[in-house]
Amino acid sequence: MKRRILVLIMFLFASLFSITIFAEQNKSVSDKKLTYEDMFLDPNLAKLIATYTNSNVSDVVDSKKLSEIKILSNKYKDKKVVDTLFHLSGIANLKNLEKIDLSGMKIISILDEIKDLKSLKYIDLSNNKLVYISEYVYDLPLLEEIHIDNNNLNMNLRTSIPK
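Residues numbered from 1 in each chain as written. Predicted model: local features only at pLDDT ≥ 70, side-chain atom pairs only at ≥ 80, totals over all residues. Heavy atoms only, no water.

Q: Could you give an account of the packing of aromatic side chains, with specific residues and numbers?
A: Counted according to the given criterion, the structure contains zero aromatic pairs. Against the face of Tyr122 rests Lys99, its NZ or CZ located 5.2 Å from the ring centre. (Phe/Tyr/Trp six-rings, centres within 6.5 Å; stacked < 30°, edge-to-face > 60°. Lys NZ or Arg CZ within 6 Å of the ring centre and 35° of its normal.)

Here it is as structure tokens:
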């Protein structure tokens, strides 16, 4: 009987120890601070977003400042920030974005993460190099206008936004 109790106590202690280690490992992963370079894979997009938040690309991302970005264009305070953007990976982190105005930037795709931008009303990605647009773009609840003319799209896309 004493042996069973001892084994049970050891088992409980080992389980508690394992849970504590697991929690610490998960805590360190979830508490990891990302830089703009980490969050936005295109270096020029990282630079553009960092500029909008008055940061450097190597700074830790300030999620409050990201949430304040409503308009994303290549101009910040009437100055051009970057010459090209190839993709918009990480853009889903701009949860309150209402307008994307990035025409003529050589962007090649609009990925599925666009579906997370529920506040988006306007998109101008004309005169880029788009070869892919996620169908999720047409499911955005507030989207009123999209401009994707003069791109490399070889697929049938809806020309209007359903209301």
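Q: Give me the pattern of salt bridges: which residues, what numbers.
A: Per the counting criterion, the structure on display carries two salt bridges. The partner of Lys64 in a salt bridge is Glu68, and the shortest N-O contact between them spans 2.8 Å. Notably, a salt bridge pairs Asp83 with Lys80, separated by 3.3 Å at the nearest N-O pair. Comparing Asp83 with Lys80 shows no difference in burial state: the two are exposed. (Salt bridge = Lys/Arg side-chain N within 4 Å of Asp/Glu carboxyl O. Buried < 20%, exposed > 50% of the residue type's maximum accessible area, 1.4 Å probe, protein only.)

Q: Report on the confidence of the model for the protein, specifying residues and quantitative values.
A: Of all residues in the protein, 75% attain a pLDDT of 70 or more, and the chain-wide mean is 82. For the stretch residues 11-31, pLDDT sits under 50, and the model shows zero contacts to residues farther than four places along the chain or on other chains. (pLDDT = per-residue confidence, 0-100. Contact = heavy atoms within 4.5 Å.)

Q: Provide a residue-level description of the nonpolar core, including the pertinent values.
A: The biggest cluster of nonpolar side chains holds 39 residues, and the ones touching the most others in it are Leu72 and Leu102. Looking at this core, the elements with two or more residues in it are α2 (36-39) and α3 (43-52). Per-element tally for this core: the top contributor is α3, with six residues. Here Leu72 is in contact with Leu45, Leu48, Ile49, Tyr52, Ile91, Leu94, Leu97, Lys99, Ile100, Asp101 and Leu102, once residues within four sequence places are set aside. (Core = buried A, V, L, I, M, F, W, Y, C linked by side-chain atoms within 4.5 Å. Helix = DSSP H or I, 4+ residues; strand = E, 2+ residues; numbered from the N terminus.)

Q: Explain a nonpolar patch on the surface to me, using residue names and the numbers behind them.
A: Judged by side-chain polarity, Ile108, Leu111, Val131 and Tyr132 come together as a nonpolar surface patch covering roughly 320 Å² of accessible area. Structurally, the position occupied by Leu111 is in the loop between β5 (109-110) and β6 (122-124). (Patch = residues over 30% accessible without salt bridge, like charges linked within 9 Å, V, L, I, M, F, W, Y side chains within 5 Å. Areas by Shrake-Rupley, 256 points an atom, 1.4 Å probe, with all protein chains shown as cover.)

Q: Kindly report on the side chain of Ser109, identifying the contributing residues and their values.
A: Along the chain, Ser109 falls in strand β5. With relative accessibility at 11%, the residue Ser109 sits in the buried group.

Q: Tell me about the environment of Tyr138, and please be specific about residues and values.
A: Structurally, Tyr138 is set in the loop between β7 (132-133) and β8 (145-147). Sequence separation of Tyr138 and Lys115 is 23 residues, and the distance between their C-alpha atoms is 8.9 Å.

Q: I'd like to hear about empty space enclosed by the protein, residue by residue, with values.
A: The gaps of empty space that remain are located by a probe, the size of a water molecule, rolled over the atoms. All told, the structure shown has one cavity of 30 Å³ or more when counted by the stated rule. Here the largest cavity defines a volume of roughly 30 Å³. Surrounding the largest cavity, Leu88, Ser89, Ile91, Ile110, Leu111, Glu113 and Ile114 form its lining. Of the residues belonging to the lining of the largest cavity, the class tally is five nonpolar, one polar and one charged. (1 Å grid on protein atoms, 1.4 Å probe; cavity = no way out; pocket = protein on both sides within 12 Å on 5 of 7 lines; lining within 4 Å. Points joined across faces, edges and corners; volume = space filled by probe spheres on them. Nonpolar A, V, L, I, M, F, W, Y, C, P; charged D, E, K, R; others polar.)

Q: Lay out unusual backbone geometry with the relevant residues and their values.
A: With phi around 75°, Lys106 is a residue other than glycine that occupies positive phi space. Tracing the sequence through the fold places Lys106 in the loop between β4 (99-101) and β5. For Lys106, a relative accessible area of 40% gives the class partly exposed. The backbone phi angle of Asn150 is positive, close to 60°, even though this residue is not glycine.

Q: Describe the sheet that holds β6, and please don't skip the residues or the numbers.
A: Pairing is parallel in the open sheet, where four strands are placed in the order β1-β4-β6-β8. The open sheet has two free edges, formed respectively by β1 (71-73) and β8, since each of these has just one partner strand. Between one strand axis and the next, the sheet turns by 10° as a mean value, whatever way the strands run. As defined by bridge partners, β1 adjoins β4 across three bridges and the pair is classed as parallel. Its bridge partner being in β4, Leu72 is matched across the sheet by Ile100. (Pairing = 2+ DSSP bridges. Axes fitted to C-alpha atoms, helices over the stretch in contact; angles between N-to-C directions.)

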